[in-house]
Structure formats: C-alpha cells, structure tokens
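Examining the three-dimensional arrangement
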Amino acid sequence: MLAVAHLFARGTLKRGLWLLVLMTFTAQALAEFKVALILDRGGKDDKSFNSSAFEGANRAKEKLGITLKFVEAADDNAYEGILRSFARRDFDLMIGVGFAQKEAVQKVAVQFPDKHFAIVDSEVQAPNVRSLMFEEHEGAYLVGAIAAMASKSRIIGFVGGMDIPLIRRFAMGYEAGARKIDPGAKVILNFVGITGEAWNNAPKAKELALSQYTGGAEVVFAAAGASNFGVFDAAEERKKLAIGVDSNQNWTKPGFILTSMLKRVDEAVYATILEAQSGKFQGGIRSFGLANQGIGYAVDKYNEKLLTPEIRARVEELKSDILAGKIVVPDFYKTR
Amino acid sequence: MSGKSVQGLLSALFGVLVGLILGLLVVWGAGENPLTVLRILARGAFGSRYDLGMTLFYSTPLIFTGLSVAVVFRAGMFNIGAEGQLTVGTIAAAMAGILLPFLPMPIAPLVAWVCASLAGAAWGAIPGWLRARRGSHEVINTIMLNFVAAGLCSYFALYPLRNLQSQNPETRGIASQFKLAPFPLFEGAPVGWALPLALLMALFVWFLLWRTVIGFEWRAVGLNEVAARAAGIDVARARVGAFAFAGALAGMVGVAEVLGNSGRFRVGFSPEYGFMGIAVALLGRNHPAGVVAAALLLGALHKGAAELDLETDRVTRDLSLVFQGLIILCVSAEGWWFQNRRRKATAGSQKSTGVVPASNSP
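Model, not experiment: these values are computed from the prediction.

1. Focus: the sheet that holds strand E1 (residues 34–39) of chain A
Residues and elements named next belong to chain A.
- Sheet architecture is open: six strands sit in the order E2-E1-E3-E4-E5-E11, paired in parallel fashion. In the strand order of this sheet, the two ends are held by strand E2 (67–72) and strand E11 (284–288), each with one partner. The mean angle between the axes of side-by-side strands here comes to 20°, regardless of whether they run parallel or antiparallel.
- Sheet topology note: the strand E5 (residues 129–134)/E11 ladder contains five bridges and is parallel. The partner of Met-133 across the bridge, within E11, is Ser-287.

Rendered as structure tokens:
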C-alpha cells in the first residue's frame, strides 16, 4: 500500500496499478501448482479410504494454495484416459488413489516423463512415480490387541471387504495382535465378496457382522470400505462394538465404535503434494507405518470412555515394542 | 433405399438433434455455457487421434451388442441378455488365450474369436430355446441369465484362472500371440482389428437379414408369427437361430476386450455394454447401418463426457446419461414429429414403427 501511495503522490497511478496487477499475476502463475486427484470407485464420500485422500488433497489446497481437480472414474478403462488428459494439460502432479489404477499410472507415466505421478496402495517402478505404501498389518495388530482386551467372551470378528491380499494383510495382523493378548482368542473371519462390489455392499456386511455377534463375538473389525456402515449398524442393533478403518470413523456411531485403525492416506497425499510443490519430489516407494505416524489407531472424545486407561497403556507398550523391533508383526505380503 | 427408409433416417436424425438441444438446455439451466460444454464434448471425443481412438474403442463393443439386440428384435423378441452373452464370450476368449498357449500366431486369435462366438451363441441359444419350446418369456430369462453369467465367469476368473500377481479381480494374462496390436494411427488407444470385425459383422447382419432365406424367415417370424407358421416356416428354429446368432455377436466383445485391450478377463470390465446395446439398437432402428451410427454417437458421448469432470464445475460426466436419455426419448417419440403428417399421407395403412416388433404384443 505504501508503494501505491508513493506512486499516487508522483502521479503515476495508472502505470503503478498496472505494475501491481502484473506482479500479482506473475506471483499467482508462479505459485500455481496444479494437482489432480483420481479417486477409486468408492468415491470421495466413502468416509474411509477415498475420503481420507480427498481430505489430504483439500488440506493442501487450503494450506499450500495449489489448484486441485478431482475425478471419480466411470469404469476401469477410463483411468488411463483421465490421467492422460490431466498430464496433457498443465497439471504438475497426478495422484491415483487405489491399486486399480496401477497399470494406467504405469503406462501414462512412461509417456509423460516430465510429469509427476503418485499412486496409493500399489508399487509402480518408474523414476517419476511415487508409490505410497502402508504397513497395514502393524495397525491391524494394535486394534486386534484392543479387540481382544475389550472382549470378555474371548471371541472377536473381522469383516473384510474384497478377498484380496491387501485385506488378508489386515486380517493376519489383526489375528496376531489378538493372540498376543489372549493366545486362546477365537477370531471369526468373513469377507463381503470377491469383486469390487464388495466395497459398497453394506447390507451383506451387516448380515456377516450380525452372525458374528450371534456367534459370540463382542468386537468386530470392519475393513470393507463403504460396506463398513453395515457392520456399524449391526453393532448398534446388538449393542456390541465395532472397529473402523482408514479414516477416523469413531464419530459415525458414537458409543459403538471402539476405535478406528488409521491409515493416513491424507498425510501421504499431503506430504507428496508439499514435496512436489517445493521441487523435492522423488520417485520410488514411500512407506507409511507406525514409525512415521502413517498408521495408528484413533482416540477422541467419541471413544475415550470405551478405551480404558489399562487398554491404552497396554497398546502403547505393544506399539513401542513393534517400533523397537521386539515384536515382528506377520506380514501377509511376505508369506507368499 | 426406399423413400420410407429415407424418411425414417431423417426423423431419427431429427430426434437426435432435438435430444441434443434439450440436453444443452439442461446444461444452460445448470449454469454452464452450453456452447462451452458442446465444445468440451466434441474435443473430448474427437480432439486428437488418441481421443478419437478411445471413442472408437468404446463404440466397438456397442456395435456388437447393438447388432445382437437388433437381430433378436427383427425376429420379434427382446434380447436383454447381451450383457451376459458378452461376459461369457469374453471369458471364453481369455480361456483360449490362457489354456492354449501352444497355438501359433495367425491361428491363435482366430481360435479365440471362434471360442468367444461359440460361448456367446450357446448362452444366447438358451433363452431362444426356452421361448421356442417352453414358451417362457425371453425378457425374464435373459435378465436372469445375466446374473448366472456374471457369477459363473467371476468363479473362473477368481479361482482356477486367477492372477495371483495382482490385487485386482482378474485372470492371468493371455499368451502374447493371441494379442491383436492396436493400430498406430490412434497413438496408443486400444483400437485394433476388433473395429473392422465389428463393421464387417454389421455388413454381414444386413446381408443375412435381407439377402438370405434364413434372414427372411427370422424377419417373417418377427413380423407375424402366425403367418410365418402358415407359410411353412419353422418358427422354433428361427427363434433359437436368431438368439444364438445374437449371442455370438455379443460374445465377440471378447475379441475387442481380451485380444485388443487388456489381454485378460477382468471382473466388471464392461460399463454395461450389453444394456447400452439396447439403446444403440433403439436409436439405430434395428438396422445395421443405424446401429453403427448410434454406437459411434453413444461412444462419443461416453468418451467426451469424461472430460467434463476435468473442465467444468457445475456438470459432470453423468451428463452423458442425460444426453443419452433425452436422445433416446426424442428418437423413439418420432411419431410426435412426423406421425400426423404421415398418417394423413398414408391414411388407413399400417403405421411405421421400427421400434416395437409388430407381432410381439400378446
């Protein structure tokens, strides 16, 4: 303002204003970093995996002033076209959310070596692609321990979405965590389905959870995308407990959700955007686990009464044991 | 072309135009500039060789399924089962590619093509046979068979043939000599020999329906079953034959998808090509040339609309469904545009439909 007043005093207001406008424009052009977020078919409102990615990108939009565009693909053939369209325009970073986009990212990244890409939950080998991987088994181990401590019947349940290695990884960690607390614990495993539809089939997830509760389970861990809400409904109906996944889902059914296993896709997305914007983008695998807070479990006002101090103390103990290498959590990916 | 078919073509084009204009009015109501949206749609569908290629890529399966629905329509029945037939055909093509890796190059894709057609034909023959011999309605049967096909093919894809290297629900890849390379003209879009095959099939359908005895019998059954039977035509054979041929056409989607695109069967690969085929047949007035044109139109809309998500704030790719709906409505409602005049011109004679098979009403 001082500069404007100065120019005004000299009587060169017009030229000064022009200069100002020009300066703002160049500043904007320099600062404008364009990011495209390509969501999985669950969509940005799944209150879980995709929501988390969307939230991270939006945080980057607010804090870093990037330009953000997001899309949900219509079919699996569309990913490649969408990625190409973004890359061909002036977008700087394309983030694919979910393993279904692996091949599309692989193909397009080669065609646009100057652009940056990132993919969540899948490994793509290319210098301009960052693969954001999560140590899901570590978090599942902790919530498995929590479930075993909270269940008096010594029976707990697991409802997975699609029966794929990723969800088997959750299940294996969960079971190991429960056995650590109570070697005689019984774990009932069920999967909603074997196709992508399993992520969006809440009614079936509810039936599975109801039958697990009937079978004596007192806590059910739901790792099933948008199908999770069926499990939460079942918990409310039977006055039992459930555990959420990916995002913090404690708020969706207060009093019935023991905790949520956090998979901080939002942090991974945010960090990737931040580094790409400041020119420090690096390809390769970036792993998120307990050590860098990429994986965790949620404690907030909705579940602090459910998680007793004893449970919390014991879980923190387990967590530091894992970090110290005293406990090695079995990893389904390494058993094959 | 006779005068009547020229008029039919004109009224179809008129319907498409009215539908497009109505769609753009919707865009305008939503607060976007209709001309901008039209430009985005056009550029998205035809803007570059790659975009054009993707439009053709989406159109190819629609030609197959559109022809499939149209053939059965001409024989006086409804094929709501193209989705199931194409699923079965696609898994058959993938199975050939996985289980017969010893076949040499020129034979291999041909074998896969034959497998896809035969599997589709077998799946299509079931509702045809049930209609002919048992009188159970093909609409119910084809819809139910769609679910059976989806379950059956998912089983093969997820258990015996599963790709263990991937998280995706899909089969292993086919042997390389089965693959049909995409034409380099389209800059990497997966458009290959499946497109000429589809056009060839359109020509073949025309030849079969209007230049052979078999086609004449099918159409005769479609126009008037009682008269056809009185004339000595084996109605049951015509029904089963038309349905089996329709199934083979739908099954050829497997050639485009497995040999020309993904190299494997992926569960849920089809964005409902089979059901879009019904719209294609309706728009194309059950004529092969019309089917090809309608498939191109719907393919272009599907591809072009994907760009809307990227470029506009108030409308999304779902707009393509609005356009589809309005266009189909306007084309089917051709009576509103021309019927009155035609009724005066041809007073007393039968009204032209081309949309609903004349003899099918109970």
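2. Quick notes on the sheet that holds strand E9 (residues 241–246) of chain A
Residues and elements named next belong to chain A.
- A sheet is described by the order of its strands in space; here six strands give the open sequence E7-E6-E8-E9-E10-E12, paired in mixed fashion. Across the chains shown, the open sheet's two edge strands, defined by having one partner strand only, are strand E7 (186–193) and strand E12 (295–297). With strand direction ignored, the average angle separating the axes of adjacent strands in the sheet is 15°.
- Two elements, E9 and strand E10 (residues 257–263), share five bridges in a ladder whose sense is parallel. Its bridge partner lying in E10, Asp-246 is registered against Leu-262.

3. Here's the deal with the domain arrangement of chain A
All names here are of chain A.
- The domain boundaries assigned to chain A delineate domain 1 (32–134 + 266–288) and domain 2 (136–263 + 306–334).
- A separation of 28 Å is found between the C-alpha centroids of domain 1 and domain 2.
- Facing nine residues of domain 1, the contacting portion of domain 2 comprises 14 residues.
- Together, Lys-47, Ser-48 and Phe-134 form the three largest contributors to the area buried by domain 1 at its contact with domain 2, with a combined 49%.
- The interface formed by domain 1 and domain 2 includes one salt bridge.

4. Re the packing of aromatic side chains
- Using the criterion set out here, one finds 17 aromatic pairs over all chains in the structure.
- Summarising the aromatic geometry, the rings of Phe73(B) and Phe78(B) are spaced 5.2 Å apart at their centres and angled 70° between planes, so their arrangement reads as edge-to-face.
- With a relative accessible area of 8%, Phe73(B) lands in the buried category.
- Residue classification places Phe78(B) among the partly exposed residues on the basis of a relative accessible area of 23%.
- Taking the centre distance of 5.2 Å and the plane angle of 85° together, the rings of Phe183(B) and Trp193(B) count as edge-to-face. On the criterion of sequence distance, the pair formed by Phe183(B) in the loop between helix H6 (138–158) and helix H7 (194–211) and Trp193(B) in the loop between H6 and H7 is long-range, its members being ten residues apart.
- Here the aromatic cluster, defined as three or more aromatic residues joined through ring pairs, consists of Phe158(A), Phe170(A), Tyr174(A), Phe191(A) and Phe221(A).
- The aromatic ring of Tyr270(A) is capped on one face by Arg59(A), whose charged end is 5.7 Å from the ring centroid.
- In this structure, Arg84(A) is placed above the aromatic ring of Tyr50(B), and the distance from its NZ or CZ to the ring centre is 3.6 Å.

5. Details of the side chain of Arg130(A)
All names here are of chain A.
- Mapped onto the secondary structure, Arg-130 falls in strand E5.
- Under the relative-accessibility criterion, Arg-130 is labelled buried at 1%.
- Side-chain polar atoms of Arg-130 contact the backbone oxygen of Gln-282, separated by 3.3 Å.
- Residues within four places of Arg-130 in sequence aside, it is in contact with Phe-117, Ala-118, Ile-119, Thr-272, Glu-275, Phe-281, Gln-282, Gly-283, Gly-284 and Arg-286.

Conventions and cut-offs
Residues numbered from 1 in each chain as written. Chains lettered and ligands numbered in written order. Predicted model: local features only at pLDDT ≥ 70, side-chain atom pairs only at ≥ 80, totals over all residues. Heavy atoms only, no water. Pairing = 2+ DSSP bridges. Helix = DSSP H or I, 4+ residues; strand = E, 2+ residues; numbered from the N terminus. Axes fitted to C-alpha atoms, helices over the stretch in contact; angles between N-to-C directions. Domains from an automatic or database assignment. Contact = heavy atoms within 4.5 Å. Buried area = accessible area lost by both parts, 1.4 Å probe. Salt bridge = Lys/Arg side-chain N within 4 Å of Asp/Glu carboxyl O. Phe/Tyr/Trp six-rings, centres within 6.5 Å; stacked < 30°, edge-to-face > 60°. Buried < 20%, exposed > 50% of the residue type's maximum accessible area, 1.4 Å probe, protein only. Lys NZ or Arg CZ within 6 Å of the ring centre and 35° of its normal. Polar contact = N/O pair within 3.5 Å; in protein donor to acceptor, adjacent residues only side chain to side chain.

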